[in-house]
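# Descriptive structure summary
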Amino acid sequence: MKRAPLSLKAQALALLARREHSRAELRTKLLAHARKRAAHAAAAAAAPASGWGSGWEVDPFGESTAGAPSGDSAQEPDPDALAAEVDEVLDWLQAQRYQSDERFIESRLNSRAPRLGLSRIRQELSHHGVELDSETMRTLRQSEVQRAREIWRKRFGQAPADLRERARQMRFLAARGFSGEVVRQVLGGSDEAPD
């Protein structure tokens, strides 16, 4: 028999123990888990009661001979009730400071900013349902040329020999989320930060 899925709180804490999650990302994962739990509960309710003779009422091929309800007739869980339950767990997690969007952003910036430009970082954060504040964006913009130059130096270390190599280096930096102006400054040797 399958083991019952974890409670929503236990699943949320297990996810947060692995890494920081934004509220929106955690909500999506917990909604999927809540649907799984509801399906498991419905399947358990539809299964015949265990005990003496329970093996006789159920065909070994899964067909019920004692009139037990089949899994197809199980009622779908109410999405609004599941969402309310998940939101209640998320509120509890935030009240206990187990989940914090600010901490998620800080964690993501610490791991991604040394390797990515501002536009790529903003794109990844919006994918997780959070946005940068204006102060953090200003700080990232001020260090953009320096970060791009460091990434370029680690990857290439020398100026492009021809136009083909220059285009390849420009694509490399652009793919990491650096603006065209920053890429031109890095490959042109300019140290001024863009406005």
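Residues numbered from 1 in each chain as written. Predicted model: local features only at pLDDT ≥ 70, side-chain atom pairs only at ≥ 80, totals over all residues. Heavy atoms only, no water.

### A few points about the side chain of His128
Locating His128 in the fold gives a position in the loop between helix 6 (118-127) and helix 7 (134-142). Assessed through its relative accessible area of 11%, His128 is described here as buried. Apart from the residues lying within four places of it in its own chain, the contact partners of His128 are Ser22, Ala24, Glu25, Phe104 and Arg108. (Helix = DSSP H or I, 4+ residues; strand = E, 2+ residues; numbered from the N terminus. Buried < 20%, exposed > 50% of the residue type's maximum accessible area, 1.4 Å probe, protein only. Contact = heavy atoms within 4.5 Å.)

### Overview of the packing of helix 1 (residues 8-18) against helix 4 (residues 79-95)
Look at helix 1 against helix 4: their axes get within 10 Å of each other, and the N-to-C directions meet at 50 degrees. Relative to helix 4, the element helix 1 lies oblique. Helix 4 is crossed by helix 1, and the crossing has right-handed handedness. On helix 4, the residues that touch Leu8, Lys9, Ala12, Leu13 and Leu16 of helix 1 are Glu85, Val86, Val89, Trp92 and Leu93. Here the contact of helix 1 with helix 4 is built from residues that sort into eight nonpolar, no polar and two charged. (Axes fitted to C-alpha atoms, helices over the stretch in contact; angles between N-to-C directions. Parallel < 35°, antiparallel > 145°, perpendicular 65-115°, else oblique. Left-handed = near helix turned anticlockwise from the far one by under 90°. Nonpolar A, V, L, I, M, F, W, Y, C, P; charged D, E, K, R; others polar.)

### Details of helix 4
In an α-helix, one turn spans 3.6 residues; hence positions three or four apart end up facing the same way. Between the first and last C-alpha of helix 4 there are 24 Å, a value that for 17 residues agrees with the 24 Å anticipated at 1.5 Å per step. For helix 4, the set of buried residues is Leu82, Ala83, Val86, Val89, Leu90 and Leu93. Along the axis of helix 4, the buried residues cluster in a sector spanning 125 degrees; they form a single face. Away from the buried face of helix 4 by more than 90 degrees, exposed residues Asp80, Glu88 and Ala95 are located. Residues of helix 4 that are buried sit in contact with helix 1 and helix 2 (23-46). Looking one or two residues past helix 4, Arg97 carries a phi angle of roughly 65 degrees, positive in sign. (Expected span 1.5 Å × (residues − 1). Arc of directions from axis to C-beta.)

### Overview of the side chain of His33
If you trace the backbone, His33 turns up in helix 2. Excluding residues that lie within four positions of it along the chain, His33 makes contacts with Pro5, Leu6, Ser7, Leu8 and Gln11.

### Things to note about the environment of Ala44
Structurally, Ala44 can be placed in helix 2. Taking the relative accessible area as the measure of exposure, Ala44 reaches 42% and is therefore partly exposed. Along the sequence, Ala44 and Ala4 sit 40 residues apart, while their C-alpha atoms lie 9.3 Å from each other.

### A word on the packing of aromatic side chains
The final tally for this structure, using the stated rule, is two aromatic pairs. Judged by centre distance (5.2 Å) and plane angle (85 degrees), the ring pair of Phe156 and Phe172 falls under edge-to-face. Placement of the pair is Phe156 in the loop between helix 8 (144-155) and helix 9 (163-175) and Phe172 in helix 9, with a sequence separation of 16 residues. In this structure Phe156 comes out as buried when scored by relative accessible area, which is 14%. Above the face of the Trp92 ring, Lys9 is positioned so that its terminal group lies 4.2 Å from the ring centre. (Phe/Tyr/Trp six-rings, centres within 6.5 Å; stacked < 30°, edge-to-face > 60°. Lys NZ or Arg CZ within 6 Å of the ring centre and 35° of its normal.)

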